[in-house]
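# Architecture at a glance
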Amino acid sequence: MSKYIAKQVNANGQIDFTAHENETWKILYERQIKIVDTRACHEYLTGLKKLNLPHDHIPQCAEISARLLPETGWSVAPVAAVIPLEQFFGLLANRQFPAATFIRTRADLDYLQEPDIFHEYFGHCPLLTNPAYADFVHWYGEHALKTNKRAQSYLGRLFWYTIEFGLIRSAEGLRIFGGGILSSYAETFYALESAAPERHDFNIDKMLATPYRYDEIQKTYFVLSDIAQLFELKTDAIIEKVTGLINGSHLENFVIC
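What this report covers is the structure whose coordinates are included nearby.

Cut-off values and rules
- Residues numbered from 1 in each chain as written.
- Predicted model: local features only at pLDDT ≥ 70, side-chain atom pairs only at ≥ 80, totals over all residues.
- Heavy atoms only, no water.
- Helix = DSSP H or I, 4+ residues; strand = E, 2+ residues; numbered from the N terminus.
- Expected span 1.5 Å × (residues − 1).
- Buried < 20%, exposed > 50% of the residue type's maximum accessible area, 1.4 Å probe, protein only.
- Arc of directions from axis to C-beta.
- Contact = heavy atoms within 4.5 Å.
- Salt bridge = Lys/Arg side-chain N within 4 Å of Asp/Glu carboxyl O.
- Pairing = 2+ DSSP bridges.
- Axes fitted to C-alpha atoms, helices over the stretch in contact; angles between N-to-C directions.

Moving on: helix α1 (residues 19-36). Relative to the 26 Å expected for 18 residues at 1.5 Å per residue, α1 spans 26 Å between its end C-alpha atoms, a close match to the ideal helical length. Looking at α1, one finds that the buried residues are Glu21, Asn22, Thr24, Trp25, Leu28, Tyr29, Gln32, Ile35 and Val36. An end-on view of α1 places all buried positions within 160 degrees of arc, on one side of the element. Exposed side chains of α1 directed beyond 90 degrees from the buried face belong to Ala19 and Lys34. The elements touched by buried residues of α1 are α2 (42-51), α5 (117-124), α8 (179-182) and α9 (185-193).

Structure follows, in C-alpha cells:
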C-alpha cells in the first residue's frame, strides 16, 4: 500500500500539479543536478542533456515521450502510485515506462521508499535514451511477463541490482547508473562514498541469491564493468537459471519499483 495518491490525467491528457508540487520538483532537481555530474555514469549524463528536463516545474508525460521516442522508441505512461506486477511488466514489454503521477512530500526529500514522478523522470528516463539500457528493460518486461510469480521474485533482484541500484565502472572511477540512487540525494552520496555497504563485481549467481529491502538504503550494490554488459543479460540462460533456483526454494515477497 502507498501513502501517496497519484493524480489523475485530465481531459487534455495533462496532469494538474500545484505550485507547491512544482516547487518540490525545483528543490529536488536543483539539489540533485549539482551532485550527479561527478557521480553519475557518462551514459546517464548524456541522456540527461537530451531530455533537457525543466528545473522549475514537473514536465508532462507527453513532453518526456516526445524526447524518448526518437532515441529508443520508448515513452512514459502515467500510472497509479501502486500498480500490479502484470501491468508493470506489460508496460515495459511495450516500451512504456510507468510514471506514478505524484511527487514526494518535503518530509521525504532525501529518501523515498516508493517511486514518484521525480524518481521516474530524473532517475530512469535519461538512461532510456541509451539503446543498451532501453533494450534490456524491454527484454526484462517481455520475459518477466511470461513467468510465474516465484520466478518474478528472483527476476526482481536482477532489476533491482541493475536498473534500480546498479553501479558501473568508468575511466573516472566508480559511477552510478541505477535510477533509485540517482533520484535520491542521500543515497547518491552513500552508494559511492560510504564504507558501510558491500560492493560486488557483477555476478549473476550472487545477484539472484541476494535478497533486498525496498524500505531502506541498500546494504549491497553490484558493479557492472560497462553499460554494454546489460546486453549479455538478455539471454534465455538467465531464465533457465531462475527456473533452476526456484525448484524447491522458499521465496520471500519482493517489491519491484
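Continuing now.
With that out of the way, let us pick up the pattern of salt bridges. Tallied over the entire structure, the rule returns 12 salt bridges. Here Asp110 and Arg31 are joined by a salt bridge, their closest N and O atoms 2.8 Å apart. Here Asp110 is found in the loop between β2 (96-100) and α5, whereas its partner Arg31 is found in helix α1, with 79 residues between them in sequence.

Right, let's get into the sheet that holds strand β4 (residues 173-176). What the four strands build is an open sheet, ordered β4-β3-β6-β5; its pairing is mixed. On the outer flanks of this sheet lie β4 and β5 (198-201), each paired with one strand and no other. Adjacent strand axes in the sheet meet at a mean angle of 35 degrees, parallel and antiparallel pairs treated alike. With four bridges connecting them, β5 and strand β6 (residues 220-224) associate as parallel partners. Opposite Glu198, over in β6, you have Thr220 as the bridge partner.

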